[in-house]
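# A structural walkthrough
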Amino acid sequence: MMPRHHSPLAQVLIISAVCFLCPGMFNALNGLGGAGQLDMHTTSNANTALYATFCIFSLAGGGIVNVCGVRYTTAISCLTYAMYTGSYIYYNNTSNGGLTILAGGILGIGAGILWTAQGVIMVSYPAEEEKGKFISIFWVVFNLGGLIGGILPFAINYYHSGTLTDSVYFIFVILECGGSLTALFLVPPASVVRDDGSHATIVKGHNAKRECLEVIRLFKNKWMLLLLPMSFTSNFFYGYQFSQYNGSIFTLRTRGFNNLLYWGSQIIGSYVLSLLLDYSKWSRRRRGMYALIITGVSFNAVWACTLAVQLRYTRGGEYTDYPGGLIDFLETPRAAGPITLYFFMGMVDSWYQNIAYWIIGTLTNDAHITARYVGFYKGIQSMGAAVSWQIGAQEIPFMNQLIGNWMLLILSLPTMAYTVTQVENWALDDQMLSSSPALDNDSIFNRSFGWNMSSTHIVKSSKTNEIII
């Protein structure tokens, strides 16, 4: 009996639905500042534990996904989201944050593995000319989770000014369990066939020992090292934006309203950027540079506006010293500017995340190699997030946090730009992989960028698009 083939689009839609129901709901809670709690100290410590384990298991995630597959690892990982959200029901009734912090650490394990699987599916399954579109499709569906997740607390707590009620957390738990069931529809990369008949994976013979060695090798891969600033920075600003901005100067229902705008703007931003990243009349290098320039300029503009707002207050929450007290969205004259700024924070965040995944997607088309690259990216990203949330827990002055975030973003742009300048109009060729299964990470990069760093000579024919070794 011939094995059943599955389309890349179907698998991207499934993993998008999974992330809609799990990380999407997590983002909706986190975006409220303190996961909907007035006291944000417990959530900051829980997020520190979360991203610390996230870092470790993202680095190991590539090997885990390659050895164990995407289906059951993702399904089990989704349950850790439900466990974390459920811990807030306990916290609401006992004021004991120990379980929430423990659940945060466990969630980091699941999140590291889930996001590695997600990255593999999103950037290695589609054909070369469809990567921008597939990244956009995922980001749109995923952020619908944050959008809808923002509606729930906004509607249920419209007349409630305290912490989120147990019923909101309970609804989120049910949705996250649904994500675990949805993950069971995922299939192995070998069963995925693109429209041109090529498969999403080539290299065989993966085992735990080899995967550990390959992950270690990533730390001496110069391209992974060049992308360290991008990886470290890519989630660092969430701690400031969610807690020190949205969670500090807005009422609870307005924080929910802002969530709708933040995640909704990501949907718009992802779609707009995908049009540029897949614009076939320009080379990939040109598309990448234009996208990076737009993102860099926009990020700097947003942080400059954020500085103007931050100059007006020094502390947040119920006792904020923001002029006039907490902002409610019905106070249009006071609310319009800060809320609009939060909308654009979400939009430029989506551009940064999309260009980061796009850069990783230009390095190789093989799912197993992508698993390691994405795991490395998510691991370093989580390390940055752990530092960011702990800075918030230590009550570092808001202005210092803002300046630190802004400087990190600026420092990440040069190495991103350099990497994009090396991008060619083709990535690692599937036929080349199948004929050379012993390729290591260094030779993969040398060949995929057309560089001769050994005695091997690489030639790419402009007429036939063939690679001659």
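Report follows, based on the coordinates. (Residues numbered from 1 in each chain as written. Predicted model: local features only at pLDDT ≥ 70, side-chain atom pairs only at ≥ 80, totals over all residues. Heavy atoms only, no water.)

Enumeration over the complete set of coordinates arrives at three salt bridges. Between aspartate 328 and arginine 253 there is a salt bridge, with its nearest N and O atoms 2.8 Å apart. Separated by 75 residues along the polypeptide, aspartate 328 in the loop between α14 (284-310) and α15 (332-361) and arginine 253 in helix α13 (residues 252-277) bring together distant segments of the chain. When its relative accessible area of 17% is taken as the criterion, arginine 253 is described as buried. A salt bridge links aspartate 321 to arginine 315; its shortest N-O distance comes to 3.9 Å. Judged by its relative accessible area of 27%, aspartate 321 falls in the partly exposed class. (Salt bridge = Lys/Arg side-chain N within 4 Å of Asp/Glu carboxyl O. Helix = DSSP H or I, 4+ residues; strand = E, 2+ residues; numbered from the N terminus. Buried < 20%, exposed > 50% of the residue type's maximum accessible area, 1.4 Å probe, protein only.)

Nonpolar side chains tend to gather and get buried jointly when the protein is soluble and globular. One finds Trp115 and Tyr245 to be the most contacted residues of the largest nonpolar core, which totals 106 residues. Of all the elements, α15 adds the most residues to this core, at 15 residues. Ignoring sequence-local partners within four residues, the contact set of tryptophan 115 consists of Pro23, Phe54, Tyr81, Phe138, Phe142, Tyr357, Val374 and Lys378. (Core = buried A, V, L, I, M, F, W, Y, C linked by side-chain atoms within 4.5 Å. Contact = heavy atoms within 4.5 Å.)

Among the structural elements, valine 123 can be located in helix α6 (residues 98-124). Judged by its relative accessible area of 1%, valine 123 falls in the buried class. Each C-alpha atom of the pair valine 123 and isoleucine 359 lies 9.7 Å from the other, and the pair is 236 residues apart in sequence. Not counting the four nearest positions on each side in its chain, valine 123 is found in contact with Lys131, Ile135, Tyr357, Gly361, Thr370 and Val374.

On to the packing of aromatic side chains, then. Taken as a whole, this structure holds 25 aromatic pairs when the rule is applied. Measuring from ring centre to ring centre gives 5.4 Å for tyrosine 88 and tyrosine 169, while their planes differ by 10°; the resulting arrangement is stacked. Linking tyrosine 88 in helix α5 (residues 71-94) with tyrosine 169 in helix α8 (residues 166-182), this pair joins segments that are 81 residues apart in sequence. The burial state of tyrosine 88 is the same as that of tyrosine 169; both residues are buried. Consider the rings of phenylalanine 257 and phenylalanine 329, whose centres lie 5.0 Å apart with planes at 20°: the pair is stacked. Taken as a pair, phenylalanine 257 in helix α13 and phenylalanine 329 in the loop between α14 and α15 lie far apart in primary sequence, 72 residues in all. Owing to a relative accessible area of 24%, phenylalanine 257 belongs among the partly exposed residues under this scheme. Judged by its relative accessible area of 17%, phenylalanine 329 falls in the buried class. Sitting over the face of the ring of tryptophan 115, lysine 378 holds its NZ or CZ atom 4.3 Å from the ring centroid. (Phe/Tyr/Trp six-rings, centres within 6.5 Å; stacked < 30°, edge-to-face > 60°. Lys NZ or Arg CZ within 6 Å of the ring centre and 35° of its normal.)

In the structure shown here, the tally under the stated rule is three cavities of 30 Å³ or more. Reported here for the largest cavity is a volume of approximately 250 Å³. Lining of the largest cavity is provided by 24 residues; of these, Asn27, Trp115, Asn235, Tyr238 and Lys378 occupy positions nearest its centre. Looking at the lining of the largest cavity, the elements with two or more residues in it are α2 (23-30), α3 (41-59), α6, α7 (131-156), α12 (238-249), α13, α15 and α16 (367-393). With four residues, the top contributor of residues to the lining of the largest cavity is α2. (1 Å grid on protein atoms, 1.4 Å probe; cavity = no way out; pocket = protein on both sides within 12 Å on 5 of 7 lines; lining within 4 Å. Points joined across faces, edges and corners; volume = space filled by probe spheres on them.)

A surface patch of nonpolar side chains, amounting to about 440 Å² of accessible area, comprises Tyr72, Ile76, Leu181 and Leu184. With respect to the helices and strands, the residue leucine 184 is situated in the loop between α8 and α9 (208-217). (Patch = residues over 30% accessible without salt bridge, like charges linked within 9 Å, V, L, I, M, F, W, Y side chains within 5 Å. Areas by Shrake-Rupley, 256 points an atom, 1.4 Å probe, with all protein chains shown as cover.)

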